[in-house]
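Structure at a glance
So you can see what is in the structure, the chains are spelled out below.
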Amino acid sequence: MNQAQSKNMWLPMAGVLLVALLLLGLGLYLVLTGEHAAVSTERPLPARKAADHAPDMVLIVLDALRADRVGAERNGVPLTPFLDRLRAEGAWFPDAVTACTWTRPAMASLFTSSYVETHEVVFAAEDEASGNRQTALPPDRQVLAALLQAGGYATAGVQTNGNLFPVMGFDRGFDHYTCSLDAPGGWVTQESLKAVPSLKSPFFLYAHYMDTHLPYQSPEEYRKLLGYAPEKLTAEEQVAVEHFLEYVMAWAHFSTGRSETFPLQELSEDGKEAVRLLYDASVRSVDEEVRRLVEGVRARSSDALVIVMADHGEHFWDHNLLGHGLSLYNCELQVPLILQGGGVPKGEQSRLVETIDIAPTLLRLAGLPAPESWQGKDLFTAEARHGFARTQSDSPAWNIEMDAVLTETLKLVVDERKQQVLLFDRKADPEEQQNLAEERPEAVAAMKQLLHRQRAENQRRRTGVQSEVTVDAETLEQLRQLGYMH
């Protein structure tokens, strides 16, 4: 499981329902939800080939990369020199937000251009004991890779996050889908470049890097480059910093009320800064891998469209939280987004956009129609818009259920479980330190109405099918190694 495996090797786990049930008995099944029958609302698209000028495309996802790290420095060393170059030469969206703050629902939203309540890829387990039941990508949802494939694109994916392995349905539409759990960036680059020569133009390559995800195991050379000095830490702090996942999970249990006390010694300010440095070293490391990948692809396809983004951000004690999936604050919700090459316009695009806008944009550039059920818009349209997001974390035990609605100037967060409402001025208070809900009740009422209408629309667009899979103990353990299913 930890070695690269092709899509064909995964087929017994991720094949169609009858194959999985009859041959392997993995328990892949569909659960009807709601009060109506499971009838797809999706209309089949007319057969259509990509335009003659359709660009080759490379979608690069940098897992858990904070938007504020792009263009930043540490100790005078740029963290993202190559991404800075792409940003200067392409389209840069400084106000891009994700649909969810943890990977599986966020990527489901990206690939299906729909909000979380629409595709319903959230946790499925009713309690800790039944954690082997997991929601998967619904089979009746139109996904980006399959639509490009039907339009004549050769498609390949290189995947390192267990939330997106074939058993979860995320290989749909890919001719080749190579997986290795939490593999380093060098492996992602190597496997991606290995796939490129066999891809006939136009092609769509998806590469998912985990370097900036917990536990921030950055290469030693980049730690030294940024000035990591473990000798300044106590022995106990050094262990906590360099094995940070255990610390994060203990903090999450404590900060969400699952445990009454924090069982570890809290890190000093030096210890906290050391954690941030290791994360930044991972950022610098993955920037180099993106450079290698893009330059390798461009040697084959000089004007390929490159899309670089994150699925979500990360907390580093912002609002007294760590990790991701537990909030809708900016440090998690805002993501970097760059498009360069393939004829896209250059320059900063300052308006609010969402990650669900990426798929319809790519189809438009390929000359292919987008499904009517998709909820995203073209990234390059000038119209004003609202943004919406939802998180339920990866397990009901976390007791997390939040919704957010954003305008160009305001952001409302409704915490369903705590019955709490937060209102922030997005321009004057980007770090979200001042809750304006009490002093601006009229704005709260207006934003709640926007959210109510959108949630009703999301539920209207549901197909009535929630897809669930029963995963084995090994897969669950792999998810736990990423900080999920605790």
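Placed above this text is the structure.
A brief structural summary. Quantities reported herein were computed from a predicted structural model and do not represent experimental measurements. (Residues numbered from 1 in each chain as written. Predicted model: local features only at pLDDT ≥ 70, side-chain atom pairs only at ≥ 80, totals over all residues. Heavy atoms only, no water.)

**A few points about the sheet that holds strand β8 (residues 154-159)**
Pairing within the open sheet is mixed, and its 8 strands lie in the order β9-β8-β10-β2-β11-β15-β5-β16. Two strands lie at the open edges of the sheet, namely β9 (176-179) and β16 (347-348), each paired on one side alone. Bridge count for β8 against strand β10 (residues 203-209) is 5 bridges, and the pairing is parallel. Residue pairing across strands places G157 opposite Y206, the latter belonging to β10. (Pairing = 2+ DSSP bridges. Helix = DSSP H or I, 4+ residues; strand = E, 2+ residues; numbered from the N terminus.)

**Here we look at the packing of helix α7 (residues 185-195) against helix α11 (residues 269-300)**
The contact between α7 and α11 brings their axes to 9 Å, and the two run at 5°. For the element pair α7 / α11, the angle class is roughly parallel. Between α7 and α11, the residues in contact are G185, G186, T189, S192 and L193 and E289, R292, L293, G296 and V297, respectively. Split by residue class, the contact of α7 with α11 holds 3 nonpolar, 5 polar and 2 charged. (Axes fitted to C-alpha atoms, helices over the stretch in contact; angles between N-to-C directions. Parallel < 35°, antiparallel > 145°, perpendicular 65-115°, else oblique. Contact = heavy atoms within 4.5 Å. Nonpolar A, V, L, I, M, F, W, Y, C, P; charged D, E, K, R; others polar.)

**Focus on the pattern of salt bridges**
For the structure on display, the rule yields 31 salt bridges. Between R385 and D357 there is a salt bridge, with the nearest N and O atoms lying 2.5 Å from each other. With a gap of 28 residues between them, R385 in the loop between α13 (358-366) and β18 (387-391) and D357 in the loop between β17 (353-354) and α13 connect regions that are remote in the sequence. Across the pair, exposure class does not vary: R385 and D357 are buried alike. One network of salt bridges, with partners in common, ties together R66, D68, R69, R74, E273, R276, D280 and D318. (Salt bridge = Lys/Arg side-chain N within 4 Å of Asp/Glu carboxyl O. Buried < 20%, exposed > 50% of the residue type's maximum accessible area, 1.4 Å probe, protein only.)

**Quick look at the packing of aromatic side chains**
Scanning the model with the defined rule gives 18 aromatic pairs in all. The interplanar angle of 40° and the centroid separation of 5.2 Å between the aromatic rings of F174 and Y177 together place this pair among those described as tilted. No difference in accessibility class separates F174 from Y177, as the two residues are buried. Ring geometry for F244 versus W317: centroids 5.9 Å apart, planes at 50°, classification tilted. Of this pair, F244 sits in helix α10 (residues 244-255) while W317 sits in the loop between β12 (315-316) and β13 (322-323), placing them 73 residues apart in sequence. Exposure class is identical for F244 and W317. Each is buried. One cation-aromatic arrangement involves R87 over W92; the distance from NZ or CZ to the ring centre is 5.0 Å. (Phe/Tyr/Trp six-rings, centres within 6.5 Å; stacked < 30°, edge-to-face > 60°. Lys NZ or Arg CZ within 6 Å of the ring centre and 35° of its normal.)

**Here we look at helix α3 (residues 81-89)**
For α3, the full list of buried residues reads F82, L83, D84 and L86. For α3, the secondary structure elements touched by its buried residues are β2 (57-62), α11, β11 (305-309) and β15 (337-340).

**Brief notes about the pairing of β11**
Taking burial as the measure, the 5 residues of β11 include 5 buried ones, the bulk of the element. Burial of the side chains of β11 extends over both faces: L305, I307 and M309 are buried on one face and V306 and V308 on the other. For β2 and β11, the ladder comprises 5 bridges, and the chain directions are parallel. Across the sheet, L59 pairs through a bridge with I307, a residue of β11.

**Here's the deal with the side chain of Q375**
With respect to the helices, strands and loops of the structure, Q375 is situated in the loop between α13 and β18. Of the polar contacts made by the side chain of Q375, one reaches the side chain of T118; its length is 2.9 Å. Within the structure, the side chain of Q375 is placed 2.9 Å from the side chain of N458, a separation counted as a polar contact. When near neighbours in sequence (up to four residues on either side) are disregarded, Q375 contacts S113, S114, Y115, T118, I356, Q454, E457, N458 and R461. (Polar contact = N/O pair within 3.5 Å; in protein donor to acceptor, adjacent residues only side chain to side chain.)

**A few points about the nonpolar core**
Counting residues in each nonpolar core, the largest one holds 115 residues, and the members touching the most others are I60, F204, Y206, F244, L337 and L339. Among the elements that line this core, the one with the most residues is α11, at 12 residues. Discounting residues that sit within four places of it in the chain, F244 has contacts with L214, P215, Y216, L267, V275, W317 and L322. One finds L328, C331, L406 and V413 within the second-largest nonpolar core, a separate group that totals 17 residues. (Core = buried A, V, L, I, M, F, W, Y, C linked by side-chain atoms within 4.5 Å.)

**As for unusual backbone geometry**
With an omega of -5°, the peptide bond between S201 and P202 qualifies as cis. Its location among the elements puts P202 in the loop between α7 and β10. Backbone geometry places E120, a non-glycine residue, at a positive phi of 60°. When you line up the elements, E120 lands in the loop between α5 (116-119) and β7 (133-135). Note on E120: relative accessible area 10%, which makes it buried. Its identity is not glycine, yet H319 carries a phi of approximately 55°, on the positive side. Here H319 is to be found in the loop between β12 and β13. Judged by its relative accessible area of 26%, H319 falls in the partly exposed class.

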